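So the chains spell out like this:
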Amino acid sequence: MRKEVLIIGGGVIGLSIARSLFKKGFRKITILEKRLVGSEASYAAAGMLAPQSETESIDDFFRICSQSNEMYPEFARELFEETGIDIELDQPGTFFLAFSRDDSAVIKRLHEIQTKAGLKVEHLTAQDIKRAEPFVSPDVREGLFFANEGQVENRKLLAALEKFARINAIDIEENCDVSEILFENGDLIGVVAGGKKRFADEVIIATGAWTSLIKCGEIRLPKVKPIRGQMLSFHTAKRLFSHVIYSPRGYIVPRKFGKILAGATVEDVGFDGSFTEIGIENVRQNALEIAPSLAGLPVDEKWAGLRPFSRDGLPVLGSFPQCGNVHIATAHYRNGILLAPITAQIIADNVAGTASSEFLSKFGLERFLRLAA
Ligand SMILES: Cc1cc2nc3c(=O)[nH]c(=O)nc-3n(C[C@H](O)[C@H](O)[C@H](O)COP(=O)(O)OP(=O)(O)OC[C@H]3O[C@@H](n4cnc5c(N)ncnc54)[C@H](O)[C@@H]3O)c2cc1C
């Protein structure tokens, strides 16, 4: 296809969309990235693929997350064939554990809601948990097991997506800040990138937490704000855990090789993407509650990232009612890694004019126009 497509933002969402567009036959695709591709929220993430463990209602958001989760095995297999990079997809299920009476009440409620809705969730006794994960705290009371969940190494995912782009002549322009989307008589003509005008037939806004900062003619972009998350990782020679393990206060994510990640804070502090000693200590304590033996491992990295959060906390997907060739894919908040495959498919279909996903109307921009009215 000869259309000139500009994707603004080279996180997991922009990179995944670029790949899906290429696979649909688009050949003039450019990613414009203000820093380096894959260096913001998508790099900071924990890579958990967990549509169920935080769910209290079986709604459209749960369904889009579950469908994307189901796409991961094929996504990982294809990326390996295309790039030789193993994104370390690991879906053995996740644990959600209780360490106090209050935690047990949370677990009871979640179990009841999900069983009623017909979801697969298993109750575990303390003995079940210790048998499966011997390094979990002796204080554990009980837990839940979500069999369909797991993790992916999100930094390897970014490396694979970037490699896909580079070997398929998808242009990547880094250190290239897009300030404005340009229109003439209501029609899209391009963008201003790095202070220069760039022509485009289609523009896709995949700018995560920074989405509201772009000028878009008369169109008001939906409000997206940054929510900071701080994390750390412990270095370990051996793999000590086989599952992602949550408590109501934090989580640990055991990578296949050498690392156990612990997360994460949830902070409304604007565009400050740095970590703080207090934040990191909080995360560390929550991880030690799950597994006190982590105290003996050295911390090898501390970091923070900015999750993109919309007014209703839900993703924003689709094209603008005022101009069908400006598209948006943002506000994935805590689930952008999980939602990357389905977002890429929905947006690529939409750009190609073959969109059929029910999620376009559920997560489209019309809801904000309705709110404004
Ligand atoms: C600590 C933490 C833990 C997380 N854990 C998980 C998890 O376990 N599972 C999960 O599914 N999700 C997780 N998330 C959420 C997930 O990381 C995000 O939802 C996802 O990365 C969003 O992807 P994105 O591509 O939209 O944003 P980003 O990765 O932030 O990419 C947006 C890109 O756009 C660029 N950009 C912005 N404005 C412009 C502009 N004007 N011009 C050019 N480029 C621009 C930015 O520089 C950036 O590179 C976590 C997030 C954090 C912070």
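Residues numbered from 1 in each chain as written. Predicted model: local features only at pLDDT ≥ 70, side-chain atom pairs only at ≥ 80, totals over all residues. Heavy atoms only, no water.

Here we look at the overall build of the chain
For the chain, the count of helices and strands is 10 helices and 19 strands. Taken against the 2.2 N^0.38 rule, which gives 21 Å for 373 residues, the C-alpha radius of gyration of the chain at 21 Å falls within 12% of a compact globule. Viewed in the frame of its principal axes, the chain has a C-alpha envelope of about 65 × 40 × 40 Å. Considering the chain as a whole, with its 373 residues, one finds that 54% of them fall into the buried category. Surface accessibility of the chain: about 16000 Å² in total, with carbon and sulfur atoms responsible for 51%. Of the charged side chains in the chain, 45 are positive and 48 negative; the average position of the first set lies 0 Å away from that of the second. (Helix = DSSP H or I, 4+ residues; strand = E, 2+ residues; numbered from the N terminus. Rg over C-alpha atoms; globule rule 2.2 N^0.38 Å. Buried < 20%, exposed > 50% of the residue type's maximum accessible area, 1.4 Å probe, protein only. Areas by Shrake-Rupley, 256 points an atom, 1.4 Å probe, with all protein chains shown as cover. Lys, Arg positive; Asp, Glu negative; His and termini not counted. Charge placed at Lys NZ, Arg CZ, Asp CG, Glu CD.)

Remarks on the sheet that holds strand E10 (residues 187-193)
Two strands in a sheet stick together by hydrogen bonds in their backbones, pointing the same way (parallel) or opposite ways (antiparallel). The antiparallel open sheet is built from three strands, whose spatial order is E9-E10-E11. Of all the strands in the sheet, the pair left with one neighbour each is strand E9 (178-184) and strand E11 (196-199). Going from strand to strand, the sheet's axes swing by 35 degrees on average, the running direction of each strand aside. As paired elements, E10 and E11 share four bridges and run antiparallel to each other. The residue of E11 that forms the bridge with Val191 is Arg198. (Pairing = 2+ DSSP bridges. Axes fitted to C-alpha atoms, helices over the stretch in contact; angles between N-to-C directions.)

Describing helix H8 (residues 336-352)
With 17 residues, H8 extends 22 Å from end C-alpha to end C-alpha; this agrees with the ideal 24 Å at 1.5 Å per step. Along H8, the sharpest kink reaches roughly 35 degrees, centred on Ile342. For H8, a buried count of 15 out of 17 residues is recorded, marking the element as mostly surrounded by other parts of the structure. At the C-terminal side of H8, Gly353 shows a positive phi close to 80 degrees. (Expected span 1.5 Å × (residues − 1). Bend = angle between axes of the 7 residues up to and from the residue.)

Focus on the packing of helix H1 (residues 12-23) against H8
Here H1 crosses H8 at 45 degrees, and the two axes come no closer than 8 Å. Here H8 runs oblique to H1, going by the angle between their axes. The two elements H1 and H8 cross, and the hand of that crossing is right-handed. Residues Val12, Ile13, Ser16, Ile17, Ser20 and Leu21 of H1 lie in contact with H8, whose contacting residues are Gly336, Ile337, Ala340, Thr343, Ala344, Gln345, Ile347, Ala348 and Val351. (Parallel < 35°, antiparallel > 145°, perpendicular 65-115°, else oblique. Left-handed = near helix turned anticlockwise from the far one by under 90°. Contact = heavy atoms within 4.5 Å.)

With respect to the sheet that holds strand E4 (residues 94-98)
Strand order across the open sheet formed by eight strands is E5-E6-E4-E14-E15-E16-E13-E17, with mixed pairing between neighbours. Single-partner strands in this sheet number two, and they are strand E5 (122-125) and strand E17 (299-310). Recorded for the sheet is a direction-independent mean angle of 25 degrees between the axes of neighbouring strands. Where strand E15 (residues 251-254) lies against strand E16 (residues 259-263), four bridges are found, and the strand directions are antiparallel. Bridge pairing in E16 places Val253 opposite Leu261. Where helix H4 (residues 101-116) meets the sheet, its contacts fall on E4, E5 and strand E6 (142-146), and the angle it forms with E6 comes to roughly 35 degrees.

Notes on the pairing of strand E19 (residues 323-330)
By the criterion of burial, E19 is predominantly enclosed, with six of the eight residues buried. Of the strand pairs in this sheet, strand E12 (residues 202-205) and E19 are connected by three bridges, and their pairing is parallel. Residue pairing for E19: Val203 is matched across the bridge by Val326. Where strand E18 (residues 316-320) lies against E19, five bridges are found, and the strand directions are antiparallel. Residue pairing across strands places Ser319 opposite His327, the latter belonging to E19. Once E18 ends, the chain turns through two residues before running back antiparallel as E19.

With respect to the domain arrangement of the chain
Often, the extent of an interface is quoted as the loss of accessible area on bringing the components together. When its domains are assigned, the chain resolves into domain 1 (4-52 + 155-223 + 312-372) and domain 2 (95-147 + 225-309). Here the C-alpha centroids of domain 1 and domain 2 sit 30 Å apart. The partner domain 2 presents 25 residues to the 20 residues of domain 1 that form the contact. Summed over both sides, the interface of domain 1 with domain 2 buries roughly 1900 Å², with 62% coming from carbon and sulfur. Counting the surface domain 1 buries against domain 2, the share from its top three residues, Met48, Gln52 and Tyr333, is 35%. At the boundary of domain 1 and domain 2, one finds one salt bridge. The partner of Arg155 in a salt bridge is Glu301, with the nearest N and O atoms 3.2 Å apart. Counting across the domain 1 and domain 2 interface gives six residue pairs in polar contact (both at pLDDT 80 or more). Of the residues assigned to the side of domain 1 that touches domain 2, the class counts are 11 nonpolar, six polar and three charged. (Domains from an automatic or database assignment. Buried area = accessible area lost by both parts, 1.4 Å probe. Salt bridge = Lys/Arg side-chain N within 4 Å of Asp/Glu carboxyl O. Polar contact = N/O pair within 3.5 Å; in protein donor to acceptor, adjacent residues only side chain to side chain. Nonpolar A, V, L, I, M, F, W, Y, C, P; charged D, E, K, R; others polar.)

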